[in-house]
Amino acid sequence: MHDIWNPWHGCKKCSEGCKNCYMYYLDSLRDRDGSVIYRTKSGFRYPLSKDKNGNYKVKSGEMLRVCMTSDFFLEEADEWREEAWQIMRQRSDVKFFLLTKRPERAAAHLPADWGDGYENVMLNVSCENQRRADERIPILLGLPFKHKGIMCAPYIGAVSIRKYLPSGQLEQVLCDGENYGGARECHYEWVKSLHDECVEYNVTFVFCGTGRHFVKDGKHYKLEGKVQSSQAYKSGLSFRGKPIDFILTDSAGSPVPRDRLYQPFFGEHCRECGMRLCCNGCSKCGKCST
Ligand code: SF4
């Protein structure tokens, strides 16, 4: 996908949310073992790739989701990470969305010039249940990142972040049910209470999808494919809070003028998609029209 950058692939399971990891599942469909970790070839330098006219394929202002088939702070990737940081520094005009279940490794694996964080990098921790939320959010709040958020996905147990919101550091909360084989239930009440906490603190909350097994008012719903994100959208539980102010600069260090920043495009098929509030927009790849 255009808005995903996977500098490495493969991972080690480390918490409840990993039990039915979609990367392991998708790899198994290709007779591959998701625990085999490798540096990607052409994909490693994707943010620096250019089209035939010499222009970057990833435009200024776009958001790239990083390591969606691994974990950015995975130990086995330590030898490759410095080069990934260099790429994020070089593309200071692009936003990078990092997601990890290993925030405890972050402080010791930041680049020498990190200071209090790159303006274009956001760190998110996975909070699949209250135990992992209480384990990872305090670490996140203590880390020198300009932008921070959490991702409750797969959302497999109620999570309250009320005690962390007064810090004012959490800028976005994403939530998504579990999919594929072995998917566990996601409950409407869990989503609603998390939503209410975010609204109270004017923090953007995005209900991306219900997952395959959704429970509402004691009734169980089995939902497949795009219905999961359209039902999430129809719930009306996504909320646009205080915007995240990324300061994006060009190679000379000057702020990129707003009119030169990429504006996400949303097609007819995006009209009822739960991910709209946090999505980089449609890249017109044509996949969802098939
Ligand atoms: S951390 Fe993410 S990629 Fe790694 S095993 Fe767990 S769910 Fe899969």
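In this convention, every chain numbers its residues from 1, walking through the sequence in written order. It should be noted that, the model being predicted, local features are given only for residues of pLDDT at least 70 and side-chain atom pairs only at 80 or more, the latter also being counted only at that level, while totals for whole chains, interfaces and linings use all residues. Just so you know, side-chain values use all the structure's heavy atoms and leave hydrogens and water out.

Caption draft 1: Region of interest: the overall build of the protein. Within the protein, the regular secondary structure consists of five helices and twelve strands. Between the two quantities, the radius of gyration covers C-alpha atoms and the globule rule is 2.2 Å times the number of residues to the power 0.38. In terms of overall dimensions, the protein is globule-like: its C-alpha atoms have a radius of gyration of 18 Å, near the 19 Å expected for 290 residues. Partly exposed residues are those whose accessible area sits between 20% and 50% of the maximum for their type, while under 20% is buried and over 50% is exposed, using a 1.4 Å probe and protein chains only. Taking all 290 residues of the protein together, the buried fraction comes to 51%. Considering only intrachain contacts with a sequence separation of at least 6, the fraction spanning at least 24 residues in the protein is 75%. Only DSSP runs of H or I reaching four residues or more are called helices, and only runs of E reaching two or more are called strands; each is numbered from the N terminus. By definition in these notes, contact holds between two residues if any of their heavy atoms fall within 4.5 Å.

Caption draft 2: Seen up close, the site of the ligand. The environment of the ligand is made up of Cys11, Lys12, Lys13, Cys18, Cys21, Tyr24, Ser70, Lys101 and Arg102. By residue class, the composition of the shell around the ligand is four nonpolar, one polar and four charged. By convention in this text, a residue qualifies as near a molecule or strand provided that one of its non-hydrogen atoms is within 4 Å of it. Only Asp, Glu, Lys and Arg are considered charged, only Ala, Val, Leu, Ile, Met, Phe, Trp, Tyr, Cys and Pro nonpolar, and every remaining residue, Gly among them, polar.

Caption draft 3: Expanded view of the sheet that holds strand β12 (residues 219-222). The rule for pairing is simple: two strands pair if DSSP sees at least two bridges between them. Pairing is mixed across the open sheet formed by three strands, whose spatial order is β9-β11-β12. The strands lining the two open edges of the sheet, one partner per strand, are β9 (186-187) and β12. Where strand β11 (residues 213-216) meets β12, four bridges bridge the pair, whose relative direction is antiparallel. Of the residues in β12, the one forming a bridge with valine 215 is histidine 220.

Caption draft 4: Molecular detail of the nonpolar core. Phe72, Ile137, Ile150 and Ile161 are the most contacted members of the largest nonpolar core, which totals 62 residues. Each domain's extent was defined by an automatic or database domain assignment. A domain split of this core shows at least three residues from each of domain 1 (1-12 + 20-126) and domain 2 (148-242 + 264-281). With residues near it in sequence (within four places) discarded, phenylalanine 72 still touches Trp8, Val66, Cys67, Arg81, Ala84, Trp85, Met88, Leu98 and Leu99. Of all hydrophobic cores here, the second largest spans 16 residues; its members include Leu99, Met151, Ala153 and Val256. The definition of a nonpolar core used throughout is a set of buried Ala, Val, Leu, Ile, Met, Phe, Trp, Tyr and Cys residues joined through side-chain atoms within 4.5 Å.

Caption draft 5: Layout of the pairing of β11. Strand direction decides the pairing type here: β9 and β11, joined by two bridges, are parallel. Its bridge partner being in β11, histidine 187 is matched across the sheet by valine 215.

Caption draft 6: The arrangement of unusual backbone geometry in detail. Cis geometry marks the peptide bond from alanine 153 to proline 154, where omega comes out at -10°. Position of proline 154 among the secondary structure elements: in the loop between β7 (147-152) and β8 (170-176). At aspartate 31, a residue that is not glycine, the phi angle is positive and equals roughly 55°. Within the secondary structure layout, aspartate 31 lies in the loop between α1 (22-29) and β3 (38-39).

Caption draft 7: Structural context of the domain arrangement of the protein. If you check the domain split of the protein, you get domain 1 (1-12 + 20-126) and domain 2 (148-242 + 264-281). Computed over C-alpha atoms only, the centres of domain 1 and domain 2 are separated by 23 Å. With 16 residues of domain 1 at the contact, the number on the domain 2 side is 15 residues. Counting the surface lost from both domain 1 and domain 2, the interface buries some 1200 Å², and carbon and sulfur atoms represent 54% of this. Put simply, buried area is the surface a 1.4 Å probe can reach on two separate parts but cannot reach once they are joined, added for both. It is Asn20, Tyr25 and Met122 in domain 1 that bury the most area against domain 2; as a group they hold 39% of the surface buried on that side. By salt bridge we mean one thing: a side-chain nitrogen of Lys or Arg within 4 Å of a carboxyl oxygen of Asp or Glu. Inspection of the region where domain 1 meets domain 2 yields zero salt bridges.

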